[in-house]
Amino acid sequence: MKISEHLTKADAFERSATKLDPTQDTALYVVMLLRAATNRVNAALHVLGTTTEGAATPVKLGDLNHTYKPKLNVPVPDELRAAFKNLALIEDLRTDYVRGNKSADTALLNAWRAAYAAIRHDTDPIVTREHP
Amino acid sequence: MTDADHIMQARHIFASLKKLSMPEDYLAIADGAMIVGYHLGNALLHKHGVLAETEHANTPSKLDRPINALPAPIQAAYEAFAELEKLRFDYVRSASKYDARLASVVWLHLETMQRACRDELTG
């Protein structure tokens, strides 16, 4: 997908997340964080030229569905290492909080929000750069 | 999770989904519907002994068999789940714009799955 489309989608998922009560709507809230974060990381990867916003080729991957799928065929750029780690943290919530039925306390929710904020902190400066 | 656990969780997430509105939340609704479908679908798989309670299938495309090889009473629900998966691909994982068709079909597919679960519960 185009960089602009990823950012539009990330913004939309963020807006939808604000309509939810993270304590009550934990499963859906996690999915919103995950989608917004994945779109921001994809946009940053496209800007850096690590992946392409066009059609994937054997040499250059297109969009990642997750940090691990499809597996990047080049090293994660240094600028995005922390973002990958934070995105993986959000991805790992699915087992217990989306596909499972665990509830989350305030401390956990704050940790998840912090992980997402860190992704924005790392990707925002990249996605606003001029790109080819 | 047991079939009852999955159904309860599906109801819970469905209630969350109803806090959102088309068209502004169309991406979130298309995506969230898959999660409701996941729980309803796994409830049906457990109820019919297709999968043990310790196992799960994330999506219809990850099932170990085609939908027409599932027990007859749950095939329609799985056809609906497969449609939800396709909507996720078309709208969430691809460049997309809202269109009015989405608003009706998402809820329709979920209703098909919910009906299958209700039928199981009421026998």
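Everything numeric here is computed off the predicted structure, so don't read it as measured data. (Residues numbered from 1 in each chain as written. Chains lettered and ligands numbered in written order. Predicted model: local features only at pLDDT ≥ 70, side-chain atom pairs only at ≥ 80, totals over all residues.)

### Thoughts on the overall build of chain A
Helix and strand counts for chain A come out as 5 helices and 0 strands. The linear arrangement of helices and strands in chain A, starting from the amino end, is α-α-α-α-α. Computed over C-alpha atoms, the radius of gyration of chain A comes to 15 Å, within 12% of the 14 Å expected from 2.2 N^0.38 for 132 residues, which places it in the range of a compact globule. Expressed as lengths along the three principal axes of its C-alpha atoms, the size of chain A is roughly 40 × 25 × 25 Å. Sequence-distant contacts in chain A: of pairs separated by 6 or more residues, those separated by 24 or more amount to 68%. (Helix = DSSP H or I, 4+ residues; strand = E, 2+ residues; numbered from the N terminus. Rg over C-alpha atoms; globule rule 2.2 N^0.38 Å. Contact = placed C-beta atoms within 7 Å.)

### Comments concerning the overall build of chain B
If you tally the helices and strands in chain B, you get 4 helices and 0 strands. Overall, chain B shows an N-to-C arrangement of helices and strands of α-α-α-α. Scaling as 2.2 N^0.38, a compact globule of 123 residues should have a C-alpha radius of gyration of about 14 Å, and chain B matches this with 14 Å. Expressed as lengths along the three principal axes of its C-alpha atoms, the size of chain B is roughly 40 × 25 × 25 Å. In chain B, 67% of the contacts between residues at least 6 apart in sequence involve partners at least 24 apart.

### With respect to the interface of chain B and chain A
Tallying the contact residues gives 20 residues for chain B and 20 residues for chain A. Here the side of chain B that touches chain A takes 6 residues from helix 2 (residues 26-47) of chain B, the largest share from any one element. Here the residues of the side of chain B that touches chain A are counted per class, giving 10 nonpolar, 5 polar and 5 charged. (Nonpolar A, V, L, I, M, F, W, Y, C, P; charged D, E, K, R; others polar.)

### Structural notes on the nonpolar core
In terms of nonpolar packing, the biggest core is built from 69 residues, with Met-32 and Leu-33 of chain A together with Ala-30 of chain B touching the most fellow members. Sort the elements by how many residues they give to this core and helix 2 (residues 26-48) of chain A lands first, with 15 residues. (Core = buried A, V, L, I, M, F, W, Y, C linked by C-beta atoms within 7 Å. Buried ≥ 20, exposed ≤ 12 C-beta atoms within 10 Å, placed from the backbone.)

### So, the environment of Leu-64 of chain A
Residues and elements named next belong to chain A. Among the secondary structure elements, Leu-64 is positioned in the loop between helix 2 and helix 3 (81-91). Owing to 19 C-beta atoms within 10 Å, Leu-64 belongs among the partly exposed residues under this scheme. Taking C-alpha positions, Leu-64 is 27 Å from Lys-19, a pair spaced 45 residues apart along the chain. Ignoring any residue separated from it by four or fewer positions in sequence, one finds Leu-64 in contact with Asn-42, Thr-51, Lys-69 and Pro-70.

### A short note on helix 3 of chain A
Residues and elements named next belong to chain A. What helix 3 keeps buried is the set Ala-83, Asn-86, Leu-87 and Ile-90. Burial along helix 3 is one-sided: seen end-on, the buried residues are contained in an arc of 100 degrees. On the buried face of helix 3, the contacting elements are helix 2 and helix 5 (106-127). (Arc of directions from axis to C-beta.)

### Re the environment of Thr-59 of chain B
For Thr-59 of chain B, the location among the structural elements is in the loop between helix 2 and helix 3 (72-92). Exposure remark for Thr-59 of chain B: the 15 C-beta atoms within 10 Å place this residue in the partly exposed category.

### Details of the packing of helix 2 of chain B against helix 3 of chain B
Residues and elements named next belong to chain B. Taken N-terminus to C-terminus, the directions of helix 2 and helix 3 make an angle of 155 degrees; their axes are 9 Å apart at the nearest point. Classified by the interaxial angle, the pair formed by helix 2 and helix 3 is roughly antiparallel. You can see that helix 2 and helix 3 cross each other, and the crossing is left-handed. Across from Tyr-26, Leu-27, Ala-30, Asp-31, Ala-33, Met-34, Gly-37, Leu-40, Gly-41 and Leu-44 in helix 2, the residues of helix 3 making contact are Ile-74, Ala-77, Tyr-78, Phe-81, Leu-84, Glu-85, Leu-87, Arg-88, Tyr-91 and Val-92. When grouped by side-chain class, the residues that make up the contact of helix 2 with helix 3 number 15 nonpolar, 2 polar and 3 charged. (Axes fitted to C-alpha atoms, helices over the stretch in contact; angles between N-to-C directions. Parallel < 35°, antiparallel > 145°, perpendicular 65-115°, else oblique. Left-handed = near helix turned anticlockwise from the far one by under 90°.)

### Let's talk about the confidence of the model for chain B
On average, residues of chain B score 95 in pLDDT, and 98% of them reach the 70 mark or higher. Both confidence scores are given for the complex: pTM 0.94, ipTM 0.93. (pLDDT = per-residue confidence, 0-100.)

### Here we look at unusual backbone geometry
Cis geometry is found at the peptide bond from Lys-69 of chain A to Pro-70 of chain A, where omega equals -10 degrees. Along the chain, Met-22 of chain B connects to Pro-23 of chain B via a cis peptide bond; the corresponding omega equals 0 degrees. Secondary-structure assignment places Pro-23 of chain B in the loop between helix 1 (3-17) and helix 2.

### Some remarks on the packing of helix 2 of chain A against helix 5 of chain A
Residue and element names in this part refer to chain A. At a closest axis distance of 9 Å, the pairing of helix 2 and helix 5 adopts a crossing angle of 25 degrees. Viewed along their axes, helix 2 and helix 5 adopt a mutual orientation that is roughly parallel. As helix 2 runs across helix 5, the sense of the crossing is left-handed. In this structure, helix 2 contributes Leu-33, Ala-37, Arg-40, Val-41, Ala-43, Ala-44, Val-47 and Leu-48 to the contact, and helix 5 contributes Trp-112, Tyr-116, Ile-119, Arg-120, Thr-123, Ile-126 and Val-127. Here the residues of the contact of helix 2 with helix 5 are counted per class, giving 12 nonpolar, 1 polar and 2 charged.

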